[in-house]
Amino acid sequence: EPYVGPCLPDIDRAVDLIEGEGLRVVLDLHGAVGGESGERPCGHEDKGWKVGHWDFQASLAALRTVCERYAGRACVCGVGVCNEPATS
């Protein structure tokens, strides 16, 4: 996996700064566990990637953690559940 997580203190700092400036943010799962495709936007390029590499349960657990943690923050206006998923 190209990402080490959960990196919540980093997200906390970013959300604090965003909120302090009066801005809004959509938090996005931009690199699902195992990858949501074999393309570079998910954090790695793997021409042999198959949908079975995507760990749906771990990805849902990450989303659940983020949603529960930031649900009460006024600046968080949404959560993107997956960026650019593969269609097959």
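Residues numbered from 1 in each chain as written. Predicted model: local features only at pLDDT ≥ 70, side-chain atom pairs only at ≥ 80, totals over all residues. Heavy atoms only, no water.

Student: In this structure, what is going on with the overall build of the chain? I would like to understand it.
Tutor: Helix and strand counts for the chain come out as two helices and two strands. The dimensions of the chain, computed from C-alpha atoms along their principal axes, are 45 × 25 × 20 Å. Counting the 88 residues in the chain, one finds 26% classified as buried. Nonlocal contacts in the chain, meaning residues at least 24 apart in sequence, comprise 64% of its contacts between residues at least 6 apart. Averaging the locations of the 8 positively and 14 negatively charged side chains of the chain gives two centres separated by 1 Å. (Helix = DSSP H or I, 4+ residues; strand = E, 2+ residues; numbered from the N terminus. Buried < 20%, exposed > 50% of the residue type's maximum accessible area, 1.4 Å probe, protein only. Contact = heavy atoms within 4.5 Å. Lys, Arg positive; Asp, Glu negative; His and termini not counted. Charge placed at Lys NZ, Arg CZ, Asp CG, Glu CD.)

Student: What should I look at first to understand the environment of Ala 32 in this one?
Tutor: Among the secondary structure elements, Ala 32 is positioned in the loop between β1 (25-28) and α2 (56-70). Sequence separation between Ala 32 and Ala 14 is 18 residues, and the spatial gap between their C-alpha atoms is 20 Å.

Student: What's the story with the pattern of salt bridges in this structure? I'm lost.
Tutor: One side chain can pair with another of opposite charge once the charged atoms of both are near each other. Taken as a whole and assessed by the stated rule, the structure comprises five salt bridges. Measuring nitrogen to oxygen at the nearest pair gives 2.7 Å for the salt bridge that ties Arg 73 to Asp 16. Here Asp 16 lies in helix α1 (residues 8-20) and Arg 73 lies in the loop between α2 and β2 (76-80), a separation of 57 residues in the sequence. We note a salt bridge from Arg 73 to Glu 19, for which the minimum N-O separation is 2.9 Å. (Salt bridge = Lys/Arg side-chain N within 4 Å of Asp/Glu carboxyl O.)

Student: Sorry, what's going on with the environment of Leu 63 here?
Tutor: By the secondary structure assignment, Leu 63 is in helix α2. Sequence-wise, Leu 63 and Val 76 are 13 residues apart; in three dimensions their C-alpha atoms are separated by 14 Å. Leu 63 has contacts with Leu 29, Val 79, Gly 80 and Val 81, leaving out every residue within four places of it along the chain.

Student: Even after reading the chapter, I still don't get the pairing of β2, so can you show me in this structure?
Tutor: Working note: regular strand, side chains alternate between the two faces of the sheet. The pairing of β1 with β2 spans four bridges and is parallel. Looking at β2, one finds that Val 25 is bridged to Val 76. The parallel pair β1 and β2 is bridged by α2, and the resulting crossover is right-handed. (Pairing = 2+ DSSP bridges. Right-handed = clockwise from strand over helix to strand, strands pointing away.)

Student: Looking at this structure, I do not really get the side chain of Ser 59. What am I missing?
Tutor: Positionally, Ser 59 belongs in helix α2. The exposure class of Ser 59 is buried, given its relative accessible area of 5%. Dropping the residues within four chain positions of it, Ser 59 is found in contact with Leu 29, Ala 32, Val 33 and Trp 54.

Student: Sorry, what's going on with the environment of Val 51 here?
Tutor: Checked against the element boundaries, Val 51 lands in the loop between β1 and α2. A relative accessible area of 41% places Val 51 in the partly exposed class. Separated by 41 residues in the primary sequence, Val 51 and Asp 10 place their C-alpha atoms 29 Å from one another.

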